[in-house]
Amino acid sequence: MTQEYTDAPSAVRFGRQSKVVGSAPPVAQDVTYERILEARSEEPQNWLTYYGAYDGQRYSPLDEINTENINRLAPAWVFQFGSFGLHAGASTYAFEAAPIVVDGVMFLSGWDGWVWAIDARTGQELWRYKHEVPFDVGLCCGNVNRGVAVAKGKVFVVTLNAHVIALDAVTGECVWDATYGDVRAGESGTVAPLVVKNLVIVGSSGGEFGNRGHLDAFDLDTGERAWRCYTVPKPGEPGSETWPADGEAWQRGGGNCWVTGTYDPEQNLLYWGTGNPGPDFDGEVREGDNLYTDSVIAVDPDNGEIRWHYQFTPHDLWDYDSNMESILFEQDGRKLLAHFDKNGYFFVLDRTNGELVRVTPFAERITWGEIDANGKVTPKVYPDKEGETVHFFPGPAGAKEWCHAAYSPKTQLFYAPVQDTGAQVTRRRREFKEGTPYWGASVTVDSDNMQGFVKAIDASTSEEVWRWHNDTPMCASVLATGGDLVFVGAPSGEFRAFNAHTGEVLWEFQCGSGHHSSPVTYSIDGTQYVAVPVGWGSWVEGFLPGLMGAPHGNAIFSFALPGSAHRVSDAESSGQLY
Amino acid sequence: MTTANEKQSLSEMVSELGLDKSNNATIGRLIAHGGLGHAEEGPDGRMRAQIRIPLDEMIWDPSILVMPRGGEIEIELINDDTNTHCALMPSNGDKQWMWLPVYSKGTVTLDLDGPGYYWFSSNLGNDEGQGLFGAIVVLGDVPEEARLDRPPQTRP
């Protein structure tokens, strides 16, 4: 007998089976390059770009929340999401993003291709977008994404399978989608895009897979690629003399650009950090300095050409990426750039030409080598002979991971999250195979004898002004505010506020999961909020294996002073969310 | 220890042990062990496929669906089981979800990138753990302009 079938109910978008509103107000329509240029000075109520402003300072002048009232700070709302079904990196996903806030709407990316628009006053989900991530995509460091960019009515985000996509900021629908990396070569995308002029600029991830790092720029409107800048030169190109002349090493040279750069409109230069060379720990197969790995490259955004570079760890043998932020600041009329490197040293450069101004250690223990006041690097402990184990500080996660420092022009202090963890590394040569991890070593990171700090560093002398000690490394970005406060989360879940002048802990809240993200602040109708994504995961085996089993989490908390934040009765009485 | 490739294929060993049957070797059925099927590309360039849930097997058949390339695909889902299930399917934009009542059928349209593979499931109770997880495999390569400028490399 032939079976008769009924029609199953029609397929629906999964998100529609929720309380998601389905659209957001058109707040992003008029976000332009010109507005982002003046983000901090003209509209401190918003957090318009990854670092809050092009200079990477992660400083907001908002001061409603300050040292006098911080003890009353309380959660205004929590947005949490979780995961569905089987997804890539199910054990390693983390919430690493820096939210973007435009006129009361928060745009945010999560793990596994999720992007959300959220009412920044109430936490109401306005729309969601899901980009499907292949289960088998190569991920060096977990299922993560560091954030979105917003301009001209669009939300830009990269995906783990190395697409850059533009979403309609009102509906969340995809407007264009461009592939910018090769998943078969171990490339992926985790960086928060940067909008400069009419371009959206993104970098590649995958430095542990032996690929060739690059920055790509796409037209905001069309998604057409404007340029690609490789961070490892081909034979004959400038810098190629720092690679073996007769080998194939440059083809797997690494130097990926997986953290957002900063930008100086006066110099018309992007300052973008580059990652480790490949293979990470086996330097014998890539003799030379290996430019432009572990460097900051100053890139012309109009054509993608490298104007100058400074290499922090020539011929890296410790996995000391230099992707971390270059903070732009000025002192005595000099245009400077500050960079806390994984290698444990704090560099100040002249950002007009890349000249070294000062280099000082900020790490607690540095045994891998030494950098003198002139920037001369002397390696001391490194994996050399096959099968011979060495131990060094800081380990491959560095004295500071990608998570960002902040700079307050008010206190003229830098605030850095510091890690103090060693690692044991044994060189193990392996043949390169495309799409397979290419470390050249066996690595185990210490699970004990570790600590962390928040350190305040004087901008004029690079000397430490205060420190706050933690029993585990500090692995989250710092936020500095005009309220003389410094915010940073701990791996054990506490979100803390410090007195920016003294380092005294003034407030803390246990968020239930470790912090590995970038908090931001914004205000709506005069009420200041501080928001922090919380969700422990990612490359925990690299930066804190002692907390591999800690609660995973997947929430964003937004805090405000009681009485000033959204109240339920407001929404109910108005019948709407805005 | 006997391993696949020495005497038998992995599929044969799994079958012999009963891992590809419901409540046999283990409680459920090992995921992605319900056969393999290929999507067909029509004259209009659209890819199409059909996937069933057979009676009492707690499995998608095929449980490995192969697409020759990334793009849009129409999949007809048929529930021949006498229990109600659902389909939670991967698709760019948002996941697609539908009820699959007893003896029902319906169509879902998905948009997926290649290359790579994705899981789909019935997200009721523990249908997933019992065997109702399937994979959609997308073949192909990324566009030429996205690839690295370097000579071809050795692969595993």
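The rules behind each value
- Residues numbered from 1 in each chain as written.
- Chains lettered and ligands numbered in written order.
- Predicted model: local features only at pLDDT ≥ 70, side-chain atom pairs only at ≥ 80, totals over all residues.
- Heavy atoms only, no water.
- Helix = DSSP H or I, 4+ residues; strand = E, 2+ residues; numbered from the N terminus.
- Rg over C-alpha atoms; globule rule 2.2 N^0.38 Å.
- Buried < 20%, exposed > 50% of the residue type's maximum accessible area, 1.4 Å probe, protein only.
- Contact = heavy atoms within 4.5 Å.
- Areas by Shrake-Rupley, 256 points an atom, 1.4 Å probe, with all protein chains shown as cover.
- Lys, Arg positive; Asp, Glu negative; His and termini not counted.
- Charge placed at Lys NZ, Arg CZ, Asp CG, Glu CD.
- Salt bridge = Lys/Arg side-chain N within 4 Å of Asp/Glu carboxyl O.
- Pairing = 2+ DSSP bridges.
- Disulfide = S-S within 2.5 Å.
- Axes fitted to C-alpha atoms, helices over the stretch in contact; angles between N-to-C directions.

K.L.:
Can you walk me through the overall build of chain A in this structure?
P.N.:
Scanning chain A for helices and strands turns up four helices and 40 strands. By the compact-globule yardstick of 25 Å for 578 residues, chain A fits well, its C-alpha radius of gyration being 23 Å. With the principal axes as the frame, chain A shows a C-alpha extent of 75 × 70 × 45 Å. Taking all 578 residues of chain A together, the buried fraction comes to 66%. For chain A, long-range pairs separated by at least 24 residues make up 61% of all intrachain contacts whose partners lie at least 6 apart in sequence. Carbon and sulfur atoms provide 46% of the accessible area of chain A, an area that totals close to 18,400 Å². Each charge class in chain A can be summarised by its mean position, and for the 42 positive and 76 negative side chains these summaries are 1 Å apart.

K.L.:
In this structure, what is going on with the pattern of salt bridges? I would like to understand it.
P.N.:
Close approach of charged atoms lets side chains of opposite charge pair. All names here are of chain A. The tally for this structure, following the rule as stated, stands at 55 salt bridges over all chains. Note that arginine 427 and glutamate 386 form a salt bridge whose closest N and O atoms lie 2.9 Å from each other. Taken as a pair, arginine 427 in strand β30 (residues 423–427) and glutamate 386 in the loop between β26 (377–379) and β27 (389–392) lie far apart in primary sequence, 41 residues in all. According to the relative accessible area criterion, arginine 427 is buried, its value standing at 7%. For glutamate 386, a relative accessible area of 39% puts it in the partly exposed group. Among the charged side chains, a salt-bridge network with shared partners connects Asp264, Glu266, Glu330, Lys335 and Arg351.

K.L.:
Just to check I follow, could you spell out the pairing of strand β38 (residues 520–524) of chain A for this structure?
P.N.:
Consecutive residues of a regular strand have side chains that alternate between opposite faces of the sheet. Residue and element names in this part refer to chain A. In terms of burial, β38 is largely enclosed, as five of its five residues are buried. In β38, alternate side chains face the same way, and those of Val520, Tyr522 and Ile524 on one face and Thr521 and Ser523 on the other are all buried. With five bridges connecting them, β38 and strand β39 (residues 527–534) associate as antiparallel partners. Of the residues in β39, the one forming a bridge with threonine 521 is valine 530. Adjacent in sequence and paired antiparallel, β38 and β39 are bridged by two residues, among which aspartate 525 carries a positive phi angle near 50 degrees.

K.L.:
What am I meant to see in the environment of glutamine 267 of chain A here?
P.N.:
Residues and elements named next belong to chain A. Examined against the element boundaries, glutamine 267 turns out to sit in the loop between β17 (262–264) and β18 (269–273). Exposure remark for glutamine 267: the relative accessible area of 24% places this residue in the partly exposed category. The spatial distance from the C-alpha of glutamine 267 to the C-alpha of proline 545 is 41 Å, given a sequence separation of 278 residues. Those residues in contact with glutamine 267, other than ones at most four positions away along the chain, are Lys335 and Thr352.

K.L.:
Just checking my understanding: could you explain the state of the cysteines for this structure?
P.N.:
Covalent bonding between the sulfur atoms of two cysteines is what defines a disulfide. Residues and elements named next belong to chain A. Applying the stated criterion to the full structure yields one disulfide over all chains. Note on cysteine connectivity: cysteine 140 is disulfide-linked to cysteine 141, with sulfurs 2.1 Å apart. Its S-S torsion of approximately -80 degrees makes the covalent link between cysteine 140 and cysteine 141 left-handed. Overall, cysteine 141 belongs to the partly exposed group, its relative accessible area being 22%. No disulfide involves cysteine 403; its sulfur sits 6.6 Å from the nearest other cysteine sulfur, which is in cysteine 475.

K.L.:
Explain the sheet that holds strand β11 (residues 163–168) of chain A here, please?
P.N.:
As a general point, the strands of a sheet are linked pairwise by backbone hydrogen bonds and lie either parallel or antiparallel. Residues and elements named next belong to chain A. Across the sheet, four strands lie side by side as β9-β10-β11-β12; this open sheet has antiparallel pairing. Where the open sheet ends on each side, the last strands, each with one partner, are β9 (149–151) and β12 (174–179). The sheet shows a mean angle of 20 degrees between the axes of neighbouring strands, taken without regard to direction. Across five bridges, strand β10 (residues 154–158) lies against β11 in antiparallel orientation. The residue of β11 that forms the bridge with valine 155 is leucine 167.

K.L.:
Before we go on, may I ask you to explain unusual backbone geometry in this structure?
P.N.:
Negative phi characterises most residues that are not glycine, and trans characterises most peptide bonds. Residues and elements named next belong to chain A. For the peptide bond that leads from phenylalanine 393 to proline 394, omega is -20 degrees, which places it in the cis range. Mapped onto the elements of the fold, proline 394 is located in the loop between β27 and β28 (406–408). Positive phi, close to 65 degrees, is recorded for asparagine 290, a residue that is not glycine. Within the secondary structure, asparagine 290 sits in the loop between β18 and β19 (295–299). Residue class for asparagine 290 comes out buried when judged on its relative accessible area of 0%. Although it is not a glycine, aspartate 319 sits at a positive phi angle of roughly 70 degrees.

Geometric descriptors of this kind do not, in isolation, establish any biological role.
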